[in-house]
Amino acid sequence: MAKLLCLLYALFFILYFSHPSHAIRVYDVVSFEAKADGTVDSTLAFHNAWAAACASADSSTINVPKGTYLLASLALGDCKSSYVTFRIDGTLMPLWDGAEADYRNDYWLSFEGFTGVSITGGSLDAKGPALWACKASAADCPTGATGIDGLMSVNSQMFHIVFNGFQNVHVERVKIIAAGDSPNTDGIHVQLSQDVTIMESTIKTGDDCISIGPGTKNLWIERIKCGPGHGISIGSLEKDTDEAGVQNVTVKNAVFIGTQNGLRIKSWARPSNGFVQRVCFLRAIMKNVQNPIVIDQSYCPHNICPTQVSGVKISDVIYRHIRGTSVTKVAIKFDCSSKNPSTGIRLENVNLTCPNQVPESSCRNAIGNTLGFVQPNSCLL
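This write-up is about the structure you can find in this document. (Residues numbered from 1 in each chain as written. Predicted model: local features only at pLDDT ≥ 70, side-chain atom pairs only at ≥ 80, totals over all residues. Heavy atoms only, no water.)

## What about the overall build of the protein?
And then number 1: When you go through the protein residue by residue, the secondary structure sums to 3 helices and 30 strands.
And then number 2: Relative to its full complement of 381 residues, the protein shows a buried share of 54%.
And then number 3: Per element, the accessible surface of the protein, about 15700 Å² overall, is 51% carbon and sulfur. (Helix = DSSP H or I, 4+ residues; strand = E, 2+ residues; numbered from the N terminus. Buried < 20%, exposed > 50% of the residue type's maximum accessible area, 1.4 Å probe, protein only. Areas by Shrake-Rupley, 256 points an atom, 1.4 Å probe, with all protein chains shown as cover.)

And the structure:
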C-alpha cells in the first residue's frame, strides 16, 4: 500500500507539471535597456520586461543574458500569462551593500502569488557576508532582506528563495551558496503553496537546505545535494495555534554531506491544530550527517523554550532506501508528541552506520512498523 501511495504521488506530478506546448513569447531584458556591466541600475528594465511578458495570456519567457545586473527591491506579480519561464544566464546583484540599512523592503526580489512559473539558470549574489559579519560582531545591524521570493541566490542575507502563496511552480538546476555559519539563510522555503516541484539543485547554506512551512500541499523534491546546512526540514511548525497542515510531500534521491540533519520534521511544544501527513522520504544518502532521520516535536533552537506539548499530528511518513553514515550514535530519533503520538511511521530498507560505534534508535510516542533490513534496530511501537 505504501509503495502504491508513493507511485501515485509520482504519477500525479508527472501529469500535473506538463505545461502548455503552444507558442512561447520571449522577452529579453537587454531589449528593455537593462545593462549587463554591473554598473547601472536595471530595476526598471526588469519591471518593464515582466509587464510586457504578463500583458497577454500566452506563455512567455523572460531572458536574462550573461553579465551582471544591478537591481533594487523588485516585486513581480499581476500576471495574465498562463506560464512564465524566468531564464537567467547572468548574475543579479542588489544595489545596496549587505550591511547598509537604506533599502525599504524586507525582500530583494519577490514573485507574488500567481499560478504557473518556472525558474532556471544563472545566479544571484545578494551581498550577504557584510551583514553576517555585522551580526557576528553584535553591532546594531539591519534585519536583512530575504534574498529572493521565488528565485535563486548566492550569499543571501537571510532566506534565499521563498515560495509563499504559490501554485504550480517548477524549479530546477538551482545553485544556492552561503557560508555554513551564516545565520537564517534557508536555501528554499515553501509555505501556503501547492503543486511545487524542486529538482536537480545544489544547496550549501547555514540553515535548512529546504524548509517546508504550514499550508504546503503536493510538494515534490528530487535530486537535491545538500551540505553544509541543516538538512531538509518540514517545519518548524506551531508558531501559531491556528495553522494549516502539511500534506503530500515527497523527497527523492537527496544527498546530504556533512549536514546537521538529514530528513527532519520539527515543531514547537505548544498547542496547535496543525498536522503533517502523507510524506515519502525515498532513496536518500547520508554522508557524515549528525542526525540522519529525526522527528523533533520539542523543537527549541534557543534558550527560551515553550513547556507545553506539541499539538501537531504526524501520520503516514515513509522512510525507504535510506543509507549512509551518522556522526552521532543515535542515527534515528523520533521524539513525538505525548498528546498526539506519531502514527503510520514506516522504516523500509534503512541502513545507517556510525564509525566505531553501534548505531541506535530513540523513540518516544512513535507508532509504526519496519520492512526489510533496518539498521539501527527499530524502536517503533
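So that's the structure; there's more coming.
## Here we look at the state of the cysteines
And then number 1: Counted according to the given criterion, the structure contains 4 disulfides.
And then number 2: Paired through a disulfide, cysteine 54 and cysteine 79 show a sulfur-sulfur distance of 2.1 Å. Disulfide cysteine 54-cysteine 79: the torsion about the S-S bond is -85 degrees, which places it as left-handed. With cysteine 54 in the loop between α2 (43–53) and β3 (60–64) and cysteine 79 in the loop between β5 (74–76) and β6 (84–88), this residue pair connects regions lying 25 residues apart in the sequence. (Disulfide = S-S within 2.5 Å.)

## A few points about the pattern of salt bridges
And then number 1: Overall, the coordinates contain 9 salt bridges when judged by the stated rule.
And then number 2: As a salt-bridge pair, aspartate 89 and arginine 87 come within 3.0 Å of each other at their nearest N and O atoms.
And then number 3: A relative accessible area of 32% means that aspartate 89 is categorised as partly exposed.
And then number 4: You can call arginine 87 partly exposed: its relative accessible area is 31%.
And then number 5: Between arginine 320 and glutamate 348 there is a salt bridge whose closest N-O contact spans 3.1 Å. (Salt bridge = Lys/Arg side-chain N within 4 Å of Asp/Glu carboxyl O.)

## Quick word on the environment of proline 214
And then number 1: Structurally, proline 214 is set in the loop between β17 (210–212) and β18 (217–226).
And then number 2: Overall, proline 214 belongs to the buried group, its relative accessible area being 17%.
And then number 3: With 22 residues separating them along the chain, proline 214 and leucine 192 place their C-alpha atoms 6.1 Å apart.
And then number 4: Residue contacts for proline 214: discarding those within four places in its chain leaves Gln191, Leu192, Leu237, Glu243, Ala244, Gly245 and Val246. (Contact = heavy atoms within 4.5 Å.)

## Quick notes on the packing of aromatic side chains
And then number 1: Scanning all chains against the criterion turns up 5 aromatic pairs.
And then number 2: For the ring pair tryptophan 268 and tyrosine 299, a centre distance of 5.4 Å and an interplane angle of 80 degrees mean the geometry is edge-to-face. Highlighted residues: tryptophan 268 in the loop between β22 (261–267) and β23 (275–282) and tyrosine 299 in the loop between β25 (291–296) and β26 (313–326), separated in sequence by 31 residues.
And then number 3: Taking relative accessible area as the criterion, tyrosine 299 reaches 15% and is therefore assigned buried.
And then number 4: Three or more aromatic residues joined by ring pairs make a cluster, and in this case those are Phe281, Tyr319 and Phe334. (Phe/Tyr/Trp six-rings, centres within 6.5 Å; stacked < 30°, edge-to-face > 60°.)

## What to know about unusual backbone geometry
And then number 1: Residue proline 228 is bonded to the preceding glycine 227 through a cis peptide linkage, with omega at 0 degrees.
And then number 2: Considering the arrangement of structural elements, one finds proline 228 in the loop between β18 and β19 (232–237).
And then number 3: With an omega dihedral of 15 degrees, the bond running from glycine 235 to serine 236 counts as a cis peptide bond.
And then number 4: Take serine 236: it is sitting in strand β19.
And then number 5: A positive phi angle is found at asparagine 253, which is not glycine, with a value near 55 degrees.
And then number 6: Along the chain, asparagine 253 falls in the loop between β20 (246–252) and β21 (255–257).

## A few points about the environment of serine 272
And then number 1: Topologically, serine 272 is positioned in the loop between β22 and β23.
And then number 2: Each C-alpha atom of the pair serine 272 and valine 309 lies 9.4 Å from the other, and the pair is 37 residues apart in sequence.
And then number 3: In this structure the side chain of serine 272 is engaged in a polar contact, spanning 2.9 Å, whose partner is the backbone nitrogen of glycine 274. (Polar contact = N/O pair within 3.5 Å; in protein donor to acceptor, adjacent residues only side chain to side chain.)

## Some remarks on the environment of serine 326
And then number 1: Within the element layout of this structure, serine 326 appears in strand β26.
And then number 2: Its relative accessible area of 0% is what places serine 326 among the buried residues.
And then number 3: With sequence-adjacent residues up to four places away left out, serine 326 is seen in contact with Val289, Gln290, Pro292, Ala331, Thr353, Cys354 and Pro355.
And then number 4: Within the structure, serine 326 has its side chain in polar contact with the backbone oxygen of threonine 328 (distance 2.7 Å).

## Concerning the nonpolar core
And then number 1: In this structure, Phe46, Tyr319 and Phe334 are the most contacted members of the largest nonpolar core, which totals 75 residues.
And then number 2: The element that contributes the greatest number of residues to this core is α2, accounting for 5 residues.
And then number 3: Leaving out residues up to four positions away in the same chain, phenylalanine 334 has contacts with Ile293, Ile295, Tyr319, Ile345, Leu347, Ser362, Cys363, Arg364, Ala366 and Leu380. (Core = buried A, V, L, I, M, F, W, Y, C linked by side-chain atoms within 4.5 Å.)

## Focus on a positive patch on the surface
And then number 1: Together, Lys175, Lys204, Lys225, Lys287 and Arg323 make up a positively charged patch on the protein surface.
And then number 2: A residue is classified by how much of its surface remains accessible, and lysine 175, at 46% relative accessible area, is partly exposed. (Patch = residues over 30% accessible without salt bridge, like charges linked within 9 Å, V, L, I, M, F, W, Y side chains within 5 Å. Lys, Arg positive; Asp, Glu negative; His and termini not counted. Charge placed at Lys NZ, Arg CZ, Asp CG, Glu CD.)

## What about the side chain of asparagine 261?
And then number 1: Relative to the helices and strands, asparagine 261 is located in strand β22.
And then number 2: At 3.2 Å, the side chain of asparagine 261 and the backbone oxygen of histidine 230 are in polar contact.
And then number 3: Polar contacts involving the side chain of asparagine 261 include one to the side chain of glutamine 260, which spans 3.2 Å.
And then number 4: Once residues within four sequence positions are removed from consideration, asparagine 261 is found in contact with His230, Gly231, Phe256, Val289, Asn291 and Val294.

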